Each structure stands twice: as structure tokens, then as C-alpha cells.
Amino acid sequence: MLSFLVLTIEFLGVIGYNIYMEYLKQKNKIIIKNLNNFNIKHILECGQVFRYENCGDYYLVISDSQIARIFSYANETVIECTDENYFENYFDLKTDYSHIKQQLSQFEVLKNAMEYGGGIRILRQDKLEMFISFIISANNNIKRIQNSIKKLSEKFGTKINSKQFGDYYAFPTLEQLNKITEQDFLDAGVGYRAVQLVKFIKQLNEIDLEVFSALPTEKAINELIKLSGIGPKVADCVLLFGYYKMDVFPVDTWIEKIYNNYFSQNAQISNRTIIRKNLTDIFTKLSGYAQQYLFYYERQNKNSKKSL
DNA sequence: GTGCAGGTCAGCT
DNA sequence: AGCTGACCTGCA
């Protein structure tokens, strides 16, 4: 019955429709009708993305060379954008989060976190942008990371003139990144990561970014950490947010805290390799989702203790 | 002034 | 292999 409805609507060619998300796709616009698994605040503030801005009435998002404004209303969320197909994929609207959350609900430890961040979705972001962004993120704070990425895009990215959105800047392409000097990176405020970034970009010219897609996760990590500026944590982030591999679990200061508060039976563990192994053993193919629910919950409730 | 922020890397045992 | 300290810089 429902599939008949989908086919009918698709046949009429009026709108795109998806049985899981229940959203409409129109020219330069996506309307999210079912908000159970879509909350733009949850999505943007769970730590996976840096190029966004809270503009009061709406959120502004720039990804690669595309831009969107996201308006939240009581019964629907409206995405006004340069390319509805780009953002349908970006927000991963074809993935059924009800099913994912149902599978994760077997873990009592995730209960509050999933309730709190129930609208989280893992974005499908640009690979190159993820590499550069998460190299900058190392031992850094989010505001400064965002500033650096913004400065780099506005100075070295392609300026795009949109009637609907005005002028904005795409994230620099590899060709444009190759022209950025160490001093340029320092001017963007990335600090000592400038050296790593220049080296990394040089290394990129010898590699096809797509090769990591086909590799099993552990093998991909072993290759990635050979690159400048990339350690185990950044490798996990890139694989999760750039390659959509869900069997990784980025372990940072927050996750270390969470692990020792809610997962560890014994004394405090600071070895992140062990923490990661134990967490991926628990959450396996859904590790990436679990990580985002936990990270968002803990960061938003940073002053509370033992609240899971 | 001091400490910390989504870690990485070199230099040790 | 596993551990430790140094490390840009802006903000509380």
C-alpha cells in the first residue's frame, strides 16, 4: 500500500518521497515532514561538521561548493539550497534511522543519549574537506577550528555568486590547497598544524582518495596514519564522516571521559587504543552512530556527572 | 596569569 | 610496542 503510494508519486514526477523519512524534494528545496529522526541542531552540533552557522531564524550550512539554509518549524523542517540532490545525499535522507535506533536500543547505556539527541544523522561530507578539517581539529577547540576553516575557504576557495544566497566561498579544491603556504596556514590560525597540512597536501598528490573506500576499515586506518597530521583519532573521523564507515569509534577527550564514567568497571583507562577496541567490540557495525549520540549528549551536558 | 581544547609526533625505555 | 612531554593559539 505504502510502496504503491511511493511509486505513484514518483511516477507523477511531482515530488521525491521516501518511506522512511517522509520528505518532499522540490527544486532548490527539501521539506522534511517527519521530524522523528531529523533535528538540525542535533545534526550540526554533534561534532561532525564545522562549516555551519546559527543565524537565529535558520542554520546556514556550506559543504564543498554548495550552500543551504535550514528553517525549523513545529511540524516540518525546510531546507532551501543550491542543489536539492546534493543535500538529499548530504543529510543521508535515504537511510532509515528508526531502524538504526531500534537496533541500538538494546544498549541501556545509550538510552538517555539517544533520547536527548534523537534527531542526529551522520552527514555524508566531502572527503578532502574532512581530511583538512580534522587535521586542524587536533588538540584544538571548536570555535578556533571553525574560524580557521572559514578563513581558508574565503581566502583560497572559489567565490560563488548565487542569486538566492549571495556570495559565498567553496572549500578549496586540491589544486587550490596546493598553493597554500605554511605562512598562509599560520595566518589562518592553525598554529603548529600548518607544517602537517602542507606535508599532507603534498602527500595527497601521490594518492587517489578513493582507494580508502574499498579497503577494510583496519587496513584503511593503517594506511591513513602514515600520512602527515593523521593519527588514529583523525583517521576514524575521516572514515566516519568522509567515507561513511560506521564500524569506527573516534576516541577523543570526551569519549575517554565517557568511557571511564559509564563503561569502565575498573580504574581509569587513558590508553585510547584499548578504549576504542572495547567500544567497537560492543557496538560493532553501529559504532559510528553510538559515538555521535554519546558525544553530543556528553558535550551538551558537560557539567553533569554520571547522568547516562 | 594559568589551563584547556574532538591529538600527533618524536624520543624514550 | 607502549609511554611521555612538547606543541600554536585564542578564550574562559
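Just above, that's the structure.
About the criteria used
Starting from 1, residues in each chain are numbered consecutively following that chain's sequence as written. To read the labels, note that chains go from A and ligands from 1, taken in the order they are written. Thresholds applied to this predicted model are a pLDDT of at least 70 for local features of residues and 80 or more for the giving and counting of side-chain atom pairs; totals over whole chains, interfaces and linings are not thresholded and use all residues. Here the side-chain values reflect all heavy atoms present in the structure, with hydrogen atoms and water set aside. Helix and strand assignments come from DSSP, with helices taken as H or I runs of at least 4 residues and strands as E runs of at least 2, each series counted from the N terminus. Only the C-alpha atoms count toward the radius of gyration. The rule for a globule is 2.2 Å times the residue count to the power 0.38. Each residue gets one of three labels from its accessible area relative to the maximum for its type: buried under 20%, exposed over 50%, partly exposed in between, using a 1.4 Å probe on protein chains only. Method for areas: the Shrake-Rupley scheme with a 1.4 Å probe, in which residue coverage is limited to the protein chains shown. Only four residue types enter the charge count, namely Lys and Arg as positive and Asp and Glu as negative; His and the chain termini do not. To locate a charge, take NZ of a lysine, CZ of an arginine, CG of an aspartate or CD of a glutamate. Nearness here has a simple test: a residue counts as near a molecule or strand if at least one of its heavy atoms is within 4 Å of that partner. In protein, a polar contact means a hydrogen-donor-capable atom and an acceptor-capable atom, both N or O and within 3.5 Å, with residues adjacent in sequence counting only if both atoms are side-chain atoms; elsewhere, any N or O pair within 3.5 Å suffices. Gly falls in the polar group here, along with every residue not listed as nonpolar (Ala, Val, Leu, Ile, Met, Phe, Trp, Tyr, Cys, Pro) or charged (Asp, Glu, Lys, Arg). The way it works is a 1 Å grid over only the protein atoms, where trapped points that fit a 1.4 Å probe form a cavity and open points with protein on both sides within 12 Å along at least five of seven lines form a pocket, and then any residue with an atom within 4 Å of a point lines it. Grid points are joined across faces, edges and corners, and a volume is the space filled by probe spheres set on the points. Boundaries of every domain are those given by an automatic assignment or by a domain database. Comment: axis = line fitted to C-alpha atoms, over the contacting stretch for helices; angle = value between 0 and 180 degrees taken between N-to-C directions. Small angles under 35 degrees read as roughly parallel and large ones over 145 as roughly antiparallel, with 65 to 115 read as roughly perpendicular and the rest as oblique. Any two residues whose heavy atoms approach within 4.5 Å are treated as being in contact.

J.: I'm lost on the overall build of chain A in this one. Help?
T.: A tally of helices and strands in chain A yields 16 helices and eight strands. In summary, chain A has a C-alpha radius of gyration of 20 Å against a globular reference of 19 Å for 308 residues, a match within 12%. Seen through its principal axes, chain A has C-alpha atoms that stretch 55 × 50 × 40 Å. Looking at chain A as a whole, 51% of its 308 residues qualify as buried. For chain A, the exposed surface amounts to about 14,900 Å²; the carbon and sulfur share of it is 50%. On chain A, the mean spot of the 37 positive side-chain charges and the mean spot of the 34 negative ones are 4 Å from each other.

J.: Would you explain the protein's contact with DNA strand B in this entry?
T.: Close to DNA strand B lie 27 residues; Gly47, Ile142, Gly229, Asp252 and Gln291 are nearest. Looking at DNA strand B alone, sugar and phosphate atoms form 60% of those within 4 Å of the protein. For DNA strand B, a phosphate oxygen lies 2.9 Å from a polar atom in the backbone of Val234. In this structure, a phosphate oxygen belonging to DNA strand B sits 3.3 Å away from a main-chain N or O atom of Thr253. The set of elements that each furnish at least two residues to the surface near DNA strand B consists of helix H13 (232-241), helix H14 (253-263) and helix H16 (287-300). Each residue belonging to the surface near DNA strand B can be placed in one class, and the counts come to eleven nonpolar, 13 polar and three charged.

J.: For this particular structure, what's the right way to read empty space enclosed by the protein?
T.: In this approach a probe as big as a water molecule rolls over the atoms, and the regions it shows empty are the leftover space. Across all of its chains, the model carries one cavity of 30 Å³ or more by this definition. Of the pockets and cavities examined, the largest cavity occupies roughly 50 Å³. Considering the residues around the largest cavity, the lining is formed by Val49, Phe50, Arg51, Ile62, Ser63, Gln125, Glu129, Met130, Ser133 and Ile149. Of all the elements in the fold, those that place two or more residues in the lining of the largest cavity are strand E4 (58-63) and helix H6 (127-137). A per-element tally of the lining of the largest cavity places H6 first, with three residues. Of the residues that constitute the lining of the largest cavity, the class distribution is five nonpolar, three polar and two charged. When residues of the lining of the largest cavity are sorted by domain, at least three fall in each of domain 1 (2-94) and domain 2 (127-300).

J.: Please explain unusual backbone geometry as it appears in this structure.
T.: Positive phi, close to 50°, is recorded for Asn139, a residue that is not glycine. Locating Asn139 in the fold gives a position in the loop between H6 and helix H7 (142-156). Residue class for Asn139 comes out exposed when judged on its relative accessible area of 67%. The residue Thr284 is not glycine, and still its phi comes out positive at about 40°. Its relative accessible area of 44% is what places Thr284 among the partly exposed residues.

J.: What is the right way to read the protein's contact with DNA strand C from this model?
T.: Around DNA strand C, the neighbouring residues are Asn139, Asn141, Arg144, Val190, Gly191, Tyr192, Arg193 and Asn271. Those atoms of DNA strand C that come within 4 Å of the protein belong to sugar or phosphate at a rate of 46%. The separation between a sugar or linking oxygen of DNA strand C and a polar main-chain atom of Tyr192 is 3.3 Å. Between a base oxygen of DNA strand C and a side-chain N or O atom of Arg193, the distance comes to 3.0 Å.

J.: I tried to follow the packing of H14 against H16 on my own but got confused; where do I start?
T.: Two measures define how a pair of helices packs: the angle their axes make with one another and the distance between the axes. As a packed pair, H14 and H16 sit with axes 10 Å apart at the nearest point and diverge in direction by 90°. Taken together, the axis directions place H14 and H16 in an arrangement best described as roughly perpendicular. Each of Trp254, Ile255, Ile258, Asn261, Tyr262 and Phe263 in H14 lies in contact with H16, whose residues at this interface are Gln291, Leu294, Phe295, Glu298 and Arg299.

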